Amino acid sequence: ATRIGHLLHRAPGASTPVPDDDDDDPNPRGATDADAAPSTPPHDAGRTVQLGDLVVVYEGFNRQKAVTVTEKGCYQNRYGNFHHREWVGKPYGSKVYGRGDAGFVWLLAPNPELWTKVLPHRTQILYLPDISLVCHALELKPGSVVLESGTGSGSLTHSLIRAVAPTGHVYTFEFNRVRAEAASAEIVDHGLAKFCTVTHRDIEALGFPSELEDRCDAAFLDLPGPWKCIPSVAKCLRPDGVVCSFSPCIEQVQRCCEALEAEGFGDCQTVELLGREYDVEARELQRNLSTTQPKLSSRWKREAKEKARRKRKHVDGGDGDGGDGDGDDGDGGGVEPKPVVVAHPRQEAQHHTGYLTFARLSPVVTREAIDAARAAG
C-alpha cells in the first residue's frame, strides 16, 4: 500500500496474478471486483506517512531513493541515521532530522515523475522529456484505453496510468516473464491494479489479443521490430487513434514508417529530443567601454583579497592598500565591474536517446458514405 494509488483517489489493490498469453480468461483485464478490493484499510487522505507506505527520501536534486516504511527500519546516509518509526504520522513534504541532528532529508509522496528517478532499472527506461511528449501526442485523457508493448521497468506505464485514470485503462505487455511479474507486483503494490493490466506476451510474434480489437484509443511500441506488429495495432485502434513507436536507430524508423503507410496510417512524423544544459552564474562584466578597464577576476577571488587587506591592516597597522602586485587590486582609474547573472550553454555533445515516430489511423471512408455526405450537402 503506497501513495501512488492515493494520487489517483483510489485505495491500494490486492495481489493479482500476471496474465499469460496461454490463459483463456474472458476478462482481458484479468481482474475481478474481489481483486480490486483493498488489502488494507485506506488511511487518511490527509497525506501523512504510515507504516507500509512507499516514501521518496529526497537528499538532493539527483539524490533520491524509494523507501518502504517499516516498524524497525532505519535509513542511513551521509547525513545520519533516520528511524522509520519517527516518520510515521508526519505530513508528506516534511523535513526530518537524523539522530544527533547531523543532517536532514525530505519525505516526499511518490508520483510518476519521482518514480522514474528512483525505480529499480530492469531495462533502459524513458525519461521525463520523452514521456511528456508521448502522453501529449497520444492525446490521452481520462477514459482512454492505451496499449503498451515493452513494459520494461514501468517508467512510462505509471505516467500512462495517471493520464487515463480514473475511467481509462492501460494494457501493457512484456515478452520477458521475470520482468512482467516484477512490473505486475509493482503495479499492485502501488494500488494501480484497477487501471493497468500487465501481461506476459510476445507481441512481435503473436500480436495483441483479439479481445482488444477496435477498443483502444492509442498505442505505444518499444520493440526491436515494431513494424512486425503494426497490422495488429491497426486492428486494435479505433478510427483516428494514434500510435507511437520508440526506436534508437533510424533504420528501425524507416521500416516502421513503411509498415504504417501500408496499414493505412497517415500524418506520420518522427521527433528526436536532444537535451541541452545551461549554466547560470554570476560574472563580472565591464559594461562601460569608454573608461579604462581593469583586469577582471571572479567575485570570490576579489572577496578573498579584500579579507587579506583587512588582515594586513590589522596586523601591520597600515592601510592595507599595498595589493598583491597582479594589477587587479585597484580600480585603475576605471569603473569597478558589477556582477551580472548570465546563462550560457555547456560546451558538450548533445545526448541521443531515441526517435519517437507518431502516426494516426486514417478513418476508412466507403463510397456509400461519401455519396451520402454529398447528398446531405
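It should be noted that the structure appears before, not after, this text.
Quantities reported herein were computed from a predicted structural model and do not represent experimental measurements.

Draft legend 1. How the structure looks around the packing of aromatic side chains. Inspection of every chain in the model, using the stated rule, returns five aromatic pairs. Considering the side-chain rings of Y75 and F82, the 6.3 Å spacing of their centres and the 45° angle between planes classify their relative orientation as tilted. Note on accessibility: Y75 and F82 belong to one class, buried. Seen in terms of ring centroids, F104 and W106 are 6.1 Å apart; in terms of plane orientation they differ by 90°. Their pairing is edge-to-face. A residue is classified by how much of its surface remains accessible, and F104, at 33% relative accessible area, is partly exposed. One aromatic cluster is present, built from ring pairs that chain together Y75, F82 and W87.

Draft legend 2. Seen up close, the sheet that holds strand β5 (residues 95–97). The four strands are arranged β2-β1-β6-β5 in an open sheet whose pairing can be described as antiparallel. Only two strands of the sheet have a single neighbouring strand rather than two, namely β2 (63–68) and β5. The sheet shows a mean angle of 35° between the axes of neighbouring strands, direction not considered. Where strand β1 (residues 54–60) lies against β2, six bridges are found, and the strand directions are antiparallel. Bridge pairing in β2 links L54 to T68.

Draft legend 3. A look at helix α3 (residues 128–137). Inspection of α3 places D130, I131, V134 and C135 among the buried residues, and these make up the whole buried set. Considered in projection along α3, the buried side chains sweep an arc of 125° and stay on one side of the axis. In α3, the exposed residues that point more than 90 degrees away from the buried face are P129 and H136.

Draft legend 4. Representation of the side chain of H84 within the structure. Tracing the backbone through its elements, the reader meets H84 in the loop between β4 (80–83) and β5. Here the side chain of H84 touches T70 through a polar contact of 3.2 Å, landing on its backbone nitrogen. Apart from the residues lying within four places of it in its own chain, the contact partners of H84 are V67, T68, V69, T70, G73, C74 and Y75.

Draft legend 5. Region of interest: unusual backbone geometry. That bond from A165 to P166 is cis: its omega, 10°, falls within 30 degrees of zero. Positionally, P166 belongs in the loop between α4 (155–164) and β8 (169–174). The backbone of D267 sits at a positive phi, close to 55°, despite the residue not being glycine. Within the secondary structure, D267 sits in strand β12 (residues 265–274).

Conventions adopted
- Residues numbered from 1 in each chain as written.
- Predicted model: local features only at pLDDT ≥ 70, side-chain atom pairs only at ≥ 80, totals over all residues.
- Heavy atoms only, no water.
- Phe/Tyr/Trp six-rings, centres within 6.5 Å; stacked < 30°, edge-to-face > 60°.
- Buried < 20%, exposed > 50% of the residue type's maximum accessible area, 1.4 Å probe, protein only.
- Pairing = 2+ DSSP bridges.
- Helix = DSSP H or I, 4+ residues; strand = E, 2+ residues; numbered from the N terminus.
- Axes fitted to C-alpha atoms, helices over the stretch in contact; angles between N-to-C directions.
- Arc of directions from axis to C-beta.
- Polar contact = N/O pair within 3.5 Å; in protein donor to acceptor, adjacent residues only side chain to side chain.
- Contact = heavy atoms within 4.5 Å.

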